[in-house]
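Observations on the model geometry
One letter stands for each residue in the lines below.
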Amino acid sequence: MKTIAKKDVKALLSLWTKEYHVLAPCRTARGDFIFADFSEESFTLDYKKPPLPPKSVFLPHTEVIFTVENGQFKETVTAHNVVLFGIRSCDMMGILQCTSFMTRDRNDIYYSTKNAMARTVVMACPGPQNETCFCTTTFSGPVAHKGFDLLFYDMGESFIIQTGSKRGEDILMSGPLSDIDNAVARRKIEAFTKQAVENIPVVDEITEAMTRLESGNVDEKIWEHFGQKCIVCGGCAFVCPTCTCFNVYDHESSPGHGIRARAWDACLYGGFTREASGHNPRATQASRLQRRHEHKLLYYNDTDVQGGLCGCVGCGRCSDYCPVRIGTLEVAKALVSN
Amino acid sequence: MGDHPSNIYELRPVSIIRTLPQIKDHMLFQLKLEDGTTWDSFGHQPGQFIEVSIFGKGEAPISISSPPTRCDTLEICVRRTGRVTNALFDMGRGSTFHIRGPYGRGFPIENLKRYKLLLIAGGLGLAPLRSLLLYALDRKDDFEDIILMYGTNNPDNVLFKYELLSFFDRDDIKYLYSVDRDEEGIWKQYVGVVTGLFDRTTLSSDDTCAVMCGPPIMYRFVLQKLIHLGFSKEHIYMSLERMMKCGVGKCGHCAIGDRYCCMDGPVFPYTEIENIKEAI
């Protein structure tokens, strides 16, 4: 296996930028941390849970899918050779689940073309990134078990690098790397993983809530309660690594000319299911919240789960960012509270 | 499409051959493919739908009203109600627009063949059911008796009026029509909700399959009737309506539990959705 000194990671990423569009954790001038184009000045290894999952690399917030000239549609599939450096294991699972959904049955080429041209470098978590992490419950971390091209383990002054694919091996062909004896590396990885798993408590309420939903043993008033509180911002869906719903809209700049684009949508919005007739099968905010949480915990697709527990990857972002505290953790706890 | 896989959102240009006004704000559009190929190549099945795509307005899911046994044209019966359908109504003969499809799971033709067919339609719900009705009439040898129950809110709102009238001369289809209200007293048939028609005929529940499509409120009451009459759940099919934006199971708008109406439906056997609360 290979190792790299922490101080040399910047040089490795610089090397990659010659061939790839490298997205890495960066510190903005205002001190925020985001995933952005790698630059030596802003790159940082001192980061916790990224505020946003990397799904926008494959499913951008807004994406032109056709340009239209004289009423003729011309498809616009854009993709780059991307390296996603330093994503978390839960987000790797998010990518796997999204990719399964977007490519099975009918392949969405806008998504899959971008996905096929991306390399993923996962940063294993030594422990919870904050108090809402529950990846050990959803089998999605703290260490990725599939999908990655490279997997970095933090050993203090250096990283041990596990390769997950031929593409991962290829980007390690050169750079400031050293070899480490495989047996030694495996022992260290094992110890790292054991400790990391111990550090992240399992949230029993999640699995219990799933069982309750499955058996129908749920107090329906819970949805009414959360429905009253929800401010319909849609933020939980937008920060969710596995939410992929989108809307399609046209922008006609002049008659017969313009674009057809798609943009993220959220099942929390009243218009999401409303039909042209005005009929709305999910007419209340309670029913819409119920839908979102049942999609994650009950109505997930077995193929798409990719070895995880369900349609939730345990990143905790919905709990981090919901202004009125209706995250998966809060909902699960409420579902099992009586 | 060149060297990459085909695009599931790819559009096909069509043009309007004829517009046939039905009732107020309802029009039957007859379409042809602009690339010169016939509708045989489209491969549609009764009960499937297309996305009507009008640039600048958007896309709308519209059920196919004509059967694959009549491929000289593709017919869609449209209610003028939103941005896309308003734009469509403003078009005339010869106008072109785009479609995608055919999409979804249609009526289970093979399963229906051994049975008598009971079609229950409410309002515009007749539009998709008509594709099955005409298919069964065209392939009469494959099907047992056909019973059509059709309810509208008043005598002015009967879709496909002349086509339905022509069934009076046929002995291979039994028809029962209802209107909710008949303020002018001109209706010769049953006045009341469509479920009232069940009391006006004898059904043999063990060798009949029921297929329904109509406004959301209709399903619960028709289901009650059917179960009461001894229909087994396996013999009940329904075409559901949802906001099917993409038609290919990706955009998420038409989800019903773990199903997508656009891919797993719009036609569902009752047994598949009876336990999904939000389905009906």
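Residues numbered from 1 in each chain as written. Chains lettered and ligands numbered in written order. Predicted model: local features only at pLDDT ≥ 70, side-chain atom pairs only at ≥ 80, totals over all residues. Heavy atoms only, no water.

**Regarding the environment of A:D154**
All names here are of chain A. Tracing the sequence through the fold places D154 in strand β8 (residues 150-154). For D154 and P126, which are 28 residues apart along the polypeptide, the C-alpha to C-alpha distance reads 7.5 Å. Among all residues touching D154, those that are not within four sequence positions of it are K6, F159 and F192. Within polar-contact distance, the side chain of D154 engages the side chain of K6 at 2.9 Å. Only 2.9 Å separates the side chain of D154 from the backbone nitrogen of G156, close enough to count as a polar contact. (Helix = DSSP H or I, 4+ residues; strand = E, 2+ residues; numbered from the N terminus. Contact = heavy atoms within 4.5 Å. Polar contact = N/O pair within 3.5 Å; in protein donor to acceptor, adjacent residues only side chain to side chain.)

**Section: the domain arrangement of chain A**
Residues and elements named next belong to chain A. Annotation of chain A at the domain level lists domain 1 (2-200) and domain 2 (205-335). The interface is formed by 46 residues belonging to domain 1 together with 42 residues belonging to domain 2. Interface area lost by domain 1 to domain 2 is led by K55, Q97 and F134, which between them contribute 18%. Applying the counting rule to domain 1 against domain 2 returns five salt bridges. (Domains from an automatic or database assignment. Buried area = accessible area lost by both parts, 1.4 Å probe. Salt bridge = Lys/Arg side-chain N within 4 Å of Asp/Glu carboxyl O.)

**Re the domain arrangement of chain B**
Residue and element names in this part refer to chain B. What the domain assignment reports for chain B is domain 1 (12-103) and domain 2 (109-239). Inter-centroid distance (C-alpha atoms) of domain 1 to domain 2 is 24 Å. Every contact between the two is made by 18 residues of domain 1 and, on the other side, 17 residues of domain 2. Between domain 1 and domain 2, roughly 1500 Å² of surface is buried when both sides are summed, and carbon and sulfur atoms account for 61% of that area. At the surface where domain 1 touches domain 2, the tally comes to two salt bridges.

**Here's the deal with the nonpolar core**
Residue and element names in this part refer to chain B. Of all hydrophobic cores here, the largest spans 157 residues; its most connected members are L118, I120, M212 and L226. When residues in this core are grouped by element, the largest group, nine residues, is from helix α3 (residues 126-138). Residue contacts for L226: discarding those within four places in its chain leaves L118, I120, F198, A210, M212, F231 and I236. (Core = buried A, V, L, I, M, F, W, Y, C linked by side-chain atoms within 4.5 Å. Buried < 20%, exposed > 50% of the residue type's maximum accessible area, 1.4 Å probe, protein only.)

**Some details on the packing of helix α8 (residues 221-229) of chain A against helix α10 (residues 285-297) of chain A**
Packed helix pairs are characterised by how far apart their axes lie and by the angle those axes make with each other. All names here are of chain A. Two elements in contact, α8 and α10, have axes whose closest approach is 8 Å; the angle formed by their N-to-C orientations is 110°. Classified by the interaxial angle, the pair formed by α8 and α10 is roughly perpendicular. Counted together, W223, E224, F226 and G227 of α8 and Q285, A286, L289, Q290 and H293 of α10 form the full contact between these two elements. Considered class by class, the residues forming the contact of α8 with α10 number four nonpolar, four polar and one charged. (Axes fitted to C-alpha atoms, helices over the stretch in contact; angles between N-to-C directions. Parallel < 35°, antiparallel > 145°, perpendicular 65-115°, else oblique. Nonpolar A, V, L, I, M, F, W, Y, C, P; charged D, E, K, R; others polar.)

**Focus on the environment of B:H26**
Residue and element names in this part refer to chain B. Here H26 shows up in strand β2 (residues 26-33). Since its relative accessible area comes to 10%, H26 is described here as buried. In this structure, the C-alpha to C-alpha distance between H26 and L159, residues 133 residues apart in sequence, is 8.2 Å. Apart from residues lying up to four places away in sequence, H26 is in contact with P21, V78, R79, F89, L124 and L159. A polar side-chain atom of H26 sits 2.9 Å from the main-chain carbonyl oxygen of K24.

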